[in-house]
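A structural walkthrough
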Amino acid sequence: MLESDLDLLIDAARHAGEIALHHKAKGLEVGHKPDDAGPVTQADYAVDRALREALTAARPGYGWLSEETRDTPDRLNRDRVFIVDPIDGTRSFVKGESTWAHSLAVVDQGVVTQGVVYLPEMDLMYSADRTQGAFCNGDPLSVSDVSDIHAARVLATKPNMDQIHWRDAVPDFARSHRPSLAYRLCLVAQGRYDAMLTFRPSWEWDIAAGALILSEAGATVTDRKGEALRFNNVVPQTAGVVGAGAELHEKIAERLVYTG
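Conventions we followed
- Residues numbered from 1 in each chain as written.
- Predicted model: local features only at pLDDT ≥ 70, side-chain atom pairs only at ≥ 80, totals over all residues.
- Heavy atoms only, no water.
- Pairing = 2+ DSSP bridges.
- Helix = DSSP H or I, 4+ residues; strand = E, 2+ residues; numbered from the N terminus.
- Axes fitted to C-alpha atoms, helices over the stretch in contact; angles between N-to-C directions.
- Buried < 20%, exposed > 50% of the residue type's maximum accessible area, 1.4 Å probe, protein only.
- Polar contact = N/O pair within 3.5 Å; in protein donor to acceptor, adjacent residues only side chain to side chain.
- Contact = heavy atoms within 4.5 Å.
- Salt bridge = Lys/Arg side-chain N within 4 Å of Asp/Glu carboxyl O.
- Patch = residues over 30% accessible without salt bridge, like charges linked within 9 Å, V, L, I, M, F, W, Y side chains within 5 Å.
- Areas by Shrake-Rupley, 256 points an atom, 1.4 Å probe, with all protein chains shown as cover.
- Lys, Arg positive; Asp, Glu negative; His and termini not counted.
- Charge placed at Lys NZ, Arg CZ, Asp CG, Glu CD.
- Phe/Tyr/Trp six-rings, centres within 6.5 Å; stacked < 30°, edge-to-face > 60°.

1. Examining the sheet that holds strand β11 (residues 174–176)
The five strands are arranged β11-β10-β12-β16-β14 in an open sheet whose pairing can be described as mixed. The sheet is open, and its two borders are formed by β11 and β14 (220–222), each paired with just one other strand. Across the sheet, the mean angle from the axis of one strand to that of its neighbour is 20°, orientation sign disregarded. With three bridges connecting them, strand β10 (residues 153–155) and β11 associate as parallel partners. Opposite Leu-155, over in β11, you have Ser-176 as the bridge partner.

Below, the structure written as structure tokens:
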């Protein structure tokens, strides 16, 4: 019997965790990407190779988009595409912290249908199948019902609090941060935070899986303009991400200035 796409992603994510932890235990060789795009290690590349080989062998008709694989136009001609970040939060990974993740998604004609975000060092497996709900280690997830923007706990980097992004005063919500964007989306899905936002162009591999998980937990998830997220774009980026329960999302969105 053919393994479902979601089960395939879950199995692949667990194997990716084993590979990453093995390299971390041996000692990491840290390099730096061009244009100050951040650190990269041999573990990032090893996980990328293993995921690409396993997933494309199981689904040879699917396209491939990954942070650590040179992009090609081939994926644009495929209805279904794997979108993968081998290690999201490499800075955290290099520092010896635990808040890094593997982010794996299947996209069908621009829409995420299955997504997995796995944090090996905390053994947290977030998963979602479109229209089937979101889960962490098998337990169902539900976004918080906080609707007061001033009482909200929001995951965002400090630059998002610049006045240039907001119509009036910058909201005085409680701001926190996690290095992995995929993990931020999942924490809001879990109800541990009330919203997340990022106004910078967001790479699809950082957000595809987490956006589905957050949406399936009951949140509204859009770009910073309030438009639905679409994936497998020619330039694989979205105009930021805003995710929260419906009422809170509306209150955040109505205060945003879009200048792009």
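2. Details of helix α4 (residues 181–189)
Along α4, nine of the nine residues are buried, which leaves the element largely enclosed by surrounding structure. One side-chain oxygen at the N-terminal end of α4 lies 3.4 Å from the backbone nitrogen of Ala-182; it belongs to Ser-180. Just downstream of α4, Gly-191 is the residue with a positive phi angle, here 80°.

3. Regarding the sheet that holds strand β6 (residues 111–119)
An order of β3-β4-β5-β6-β7-β8-β9 is seen for the seven strands of this open sheet, with the pairing classed as mixed. Every interior strand has two partners, whereas the edge strands, β3 (63–66) and β9 (139–140), have only one. In this sheet, β9 lies alongside strand β8 (residues 134–136) in antiparallel orientation, the contact comprising two bridges. Bridge pairing in β9 links Phe-135 to Pro-140. Against the sheet, helix α2 (residues 42–58) engages β3, β4 (80–88) and β5 (101–108), with an angle of about 155° to β4. Of the strands in this sheet, β3, β4, β5, β6, β7 (124–129) and β8 are in contact with helix α5 (residues 204–216), which crosses β6 at around 100°.

4. Some remarks on the pattern of salt bridges
Tallying each qualifying case throughout the model produces nine salt bridges. Here Glu-121 ties to Lys-24 by a salt bridge, and the two come within 2.4 Å at their closest N and O atoms. Here Glu-121, found in the loop between β6 and β7, pairs with Lys-24, found in helix α1 (residues 5–26); they are 97 residues apart in sequence, far enough to count as distant. Of the charged contacts in the structure, one is a salt bridge between Arg-75 and Asp-71, with a shortest N-O distance of 2.7 Å. Exposure remark for Asp-71: the relative accessible area of 33% places this residue in the partly exposed category.

5. So, a negative patch on the surface
Where like charges cluster on the molecular surface, the negative patch consists of Asp-145, Glu-247, Glu-250 and Glu-254. The residue Glu-254 is located in the segment after α6 (246–253) in this model.

6. A few points about the packing of aromatic side chains
Across all of its chains, the model carries seven aromatic pairs by this definition. Ring plane angle 55° and centroid distance 6.4 Å describe the contact between Tyr-126 and Tyr-183, whose orientation is recorded as tilted. Here Tyr-126, found in strand β7, pairs with Tyr-183, found in helix α4; they are 57 residues apart in sequence, far enough to count as distant. Each member of the pair, Tyr-126 as well as Tyr-183, is classed as buried. Note on Trp-203 and Trp-205: the rings are 4.8 Å apart at their centroids and 5° apart in plane angle, and the pair reads as stacked. The exposure class of Trp-203 is partly exposed, given its relative accessible area of 36%. Taking the relative accessible area as the measure of exposure, Trp-205 reaches 9% and is therefore buried. What links up through ring pairs into an aromatic cluster is the set Tyr-62, Trp-64 and Phe-82.

Remember, this is a structural readout, not a statement about activity or role.
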